[in-house]
Amino acid sequence: MPSRTLLRRLLGAALLLPVASLSPAVAAAADERTVDYQGLRLALPADWRVIDLDRHPEACLRLDVPTLYLGHAGTQSECTGRAAATRADTLHLEPIAGAPPRADIPTLAVDGGRALPPTESDSNEVRYALRRTGVMATLSYGAAPDTVRALLTRAVAAGRTPAGAEGAAARSRPAAPVVTAALAAARAPRSAQEAFTGEGFDACTAPTQRSMDSWRAGSPFRAVGVYIGGRARACAQPQLTAAWVRRQAAAGWHLMPIWVGPQPWHSKSTGLSTDPSRANEQGRAAADGAVDAARSLGLPEGTVLYNDLENYSDRATWDAPSVAYLTAWTVRLHELGFRSGAYVAASSGVKALSAHYHQAPQAMPDVLWGARWNGAASVSDKDMGLSGRTPQWVGPRRAHQFRGDHDASYGGVTLNIDRNWLDVDPAALGPVVKLPSLS
């Protein structure tokens, strides 16, 4: 699921806003690398971008480029790419009033001049509801949140409460509550994964409701992949709430929740370990994080959760840790009552899993999602990259990503997507098999 081009991914002209394109108050401060926003004064590193989302609602909230985002997210129609090779420190500031109650990352309330409580998340994003200024601050980080949290802490200390902000903050929506498993279950859709054979799409960020409604009416798609978390997730998810999940399930969409965990490349922030034992631990940790996110979004037990493991060319290095990671992911998901899916490339991950299938068939992912951009809307052995007449993943247990990273328009709405053909029926997979830990 790589981006179309490195230029569009990192240096899109619409994203790199010159100082002159910002509002006057922000532009003057940006010359000094200082930005004032609703009572907060931020001293930014020289390499950070500043993007005014009110003026550029199409801008993508990327998590791999150091950026200060200001205002509520818009359509994010410029989002491309799926997995980030390196996570960057970013900060998104928006009014608490109107900020979405995101379920995929933790939100902590901060009153008055209190210090920001330290916290981390499996997706390397956290939110602070700064009630004194009425600002919701979403932090994204690489290996650790310390640097960007310190930047925000200094801004809170140096800032002031805008006139009327305290009253506005008191009237605005409070910090998003922690969604307990019991509450999520009560709100869960009847099913977000009915049996489905047909075409689906995935996009870097969950589309707006208007986009989903337009595409439901005018596109050939009836399944949608959505990135619910993971340290290598490339785009923020301002639309992703439990209510969004319920609405898509009620409309008849088959959902493919995707976790973008550590990847088969060398990166301190997003890399998979080359040691299979350590990769096994990372697989179990990824499953824990994915289940937490799924439960917060109201997805019930039995849901297939997909792990996005990107393509690699050095099979001698990455085959063993990739298999260890994905089998540990599967075993842990089964322990927690969920089903396992794996998105892997036909030329690497599919071959590695297939070669080791006989060693532990019950620890293999329940559903195989193979990426081979050959334009064939099919889950045949050949199109999946499997040997002919294989018994592996037979039946409704396959998906094929047959075209990647392109713009598509339906109902007047354009999204950057990958196209997939699915033949998946979770109910036909049988009971979740809980195996002893592989660790």
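Residues numbered from 1 in each chain as written. Predicted model: local features only at pLDDT ≥ 70, side-chain atom pairs only at ≥ 80, totals over all residues. Heavy atoms only, no water.

1. Regarding the pattern of salt bridges
Threshold: When a carboxyl oxygen of Asp or Glu is within 4 Å of a side-chain nitrogen of Lys or Arg, the pair counts as a salt bridge. Put simply, DSSP marks the helices as runs of H or I at least four residues long and the strands as runs of E at least two long, and each gets a number from the N terminus on. Classification of residues uses two cut-offs on accessible area relative to the type maximum, computed with a 1.4 Å probe and protein chains only: under 20% is buried, over 50% is exposed, and between them is partly exposed.
Summed over all chains, the structure comprises 19 salt bridges. The residue aspartate 104 makes a salt bridge to arginine 233 at a minimum N-O spacing of 2.9 Å. Taken together, the residues span a long stretch of sequence, with aspartate 104 in the loop between strand 5 (90-95) and strand 6 (107-110) and arginine 233 in the loop between strand 10 (223-229) and helix 7 (242-250) at a distance of 129 residues. Assessed through its relative accessible area of 8%, aspartate 104 is described here as buried.

2. Structural notes on the layout of surface pockets
Defined as follows: Only protein atoms enter the 1 Å grid, on which a cavity is a set of points fitting a 1.4 Å probe that cannot get out and a pocket is an open set with protein on both sides within 12 Å along at least 5 of 7 lines, lining residues being those with an atom within 4 Å of a point. Grid points are joined across faces, edges and corners, and a volume is the space filled by probe spheres set on the points. Lys, Arg, Asp and Glu make up the charged group, whereas Ala, Val, Leu, Ile, Met, Phe, Trp, Tyr, Cys and Pro make up the nonpolar group; the residues left over, Gly among them, are polar.
Within this model, the second largest pocket holds a volume of roughly 210 Å³. Its residues assigned to classes, the lining of the second largest pocket shows seven nonpolar, six polar and four charged.

3. Topic: the side chain of serine 348
With respect to the secondary-structure elements, serine 348 resides in the loop between strand 13 (339-345) and helix 10 (349-356). The exposure class assigned to serine 348 is buried, which follows from its relative accessible area of 1%.

4. Structural notes on the packing of helix 8 (residues 276-296) against helix 9 (residues 315-335)
Packed helices, taken two at a time, are described by the angle their axes make and the gap between the axes. Going by this rule: An axis is simply a line fitted to the C-alpha atoms; with a helix, the fit covers only the stretch in contact. Between two such axes, the angle follows the N-to-C directions and lies from 0 to 180 degrees. Crossings are classed by handedness, with left-handed meaning an anticlockwise turn of the near helix from the far one by less than a right angle and right-handed meaning a clockwise turn. Any two residues having at least one pair of non-hydrogen atoms within 4.5 Å are treated as being in contact.
Interhelical geometry of helix 8 versus helix 9 gives an angle of 40° and a closest axis separation of 7 Å. Seen from above, helix 8 lies across helix 9 with right-handed handedness. Each of Pro276, Ala279, Asn280, Gln282, Gly283, Arg284, Ala286, Ala287, Asp288, Ala290 and Val291 in helix 8 lies in contact with helix 9, whose residues at this interface are Ala320, Pro321, Ala324, Tyr325, Ala328, Trp329, Val331, Arg332, Leu333 and Glu335. Here the residues of the contact of helix 8 with helix 9 sort into 14 nonpolar, three polar and four charged.

5. So, the sheet that holds strand 4 (residues 67-70)
By way of backbone hydrogen bonds, the strands of a sheet pair with one another, either parallel or antiparallel. Filter applied, for reference: Here, strands pair whenever DSSP counts at least two bridges between them.
Across the sheet, six strands lie side by side as 3-4-5-8-7-6; this open sheet has mixed pairing. The outermost strands of the open sheet, each flanked by one partner alone, are strand 3 (49-52) and strand 6. On average, each strand axis in the sheet is inclined to that of its neighbour by 20°, with strand direction left out of account. Two elements, strand 7 (residues 125-130) and strand 8 (residues 135-140), share six bridges in a ladder whose sense is antiparallel. Across the sheet, residue valine 126 finds its bridge partner in strand 8, namely leucine 139.

6. So, the confidence of the model for the protein
Reading predicted coordinates in detail is not appropriate for stretches of low pLDDT. In plain terms, the rule: For every residue, the predictor assigns a confidence score, pLDDT, that lies between 0 and 100.
Per-residue confidence for the protein gives a mean pLDDT of 87; residues scoring 70 or more make up 84%. When the criterion is pLDDT under 50, residues 2-31 qualifies, and its contacts beyond four places in sequence or with other chains add up to 61 contacts. Contacts for the low-pLDDT stretch residues 165-186, under 50 throughout, to residues beyond four places or in other chains number 26 contacts.

7. Some points on the state of the cysteines
Cut-off, in case you're wondering: Disulfides are defined as cysteine sulfur pairs within 2.5 Å.
The final tally for this structure, using the stated rule, is two disulfides. A disulfide bridge connects cysteine 60 with cysteine 79, and the sulfur atoms are separated by 2.0 Å. With the S-S dihedral at roughly 95°, the linkage between cysteine 60 and cysteine 79 falls on the right-handed side. You can see cysteine 60 sitting in the loop between strand 3 and strand 4 and its partner cysteine 79 sitting in the loop between strand 4 and strand 5, a full 19 residues away along the chain. Both residues of the pair, cysteine 60 and cysteine 79, belong to the buried class.

8. Quick notes on the side chain of threonine 208
Residue placement: threonine 208 occurs in the loop between strand 9 (196-202) and helix 6 (209-218). With a relative accessible area of 15%, threonine 208 lands in the buried category. With sequence-adjacent residues up to four places away left out, threonine 208 is seen in contact with Gly74, Thr75 and Gln239.

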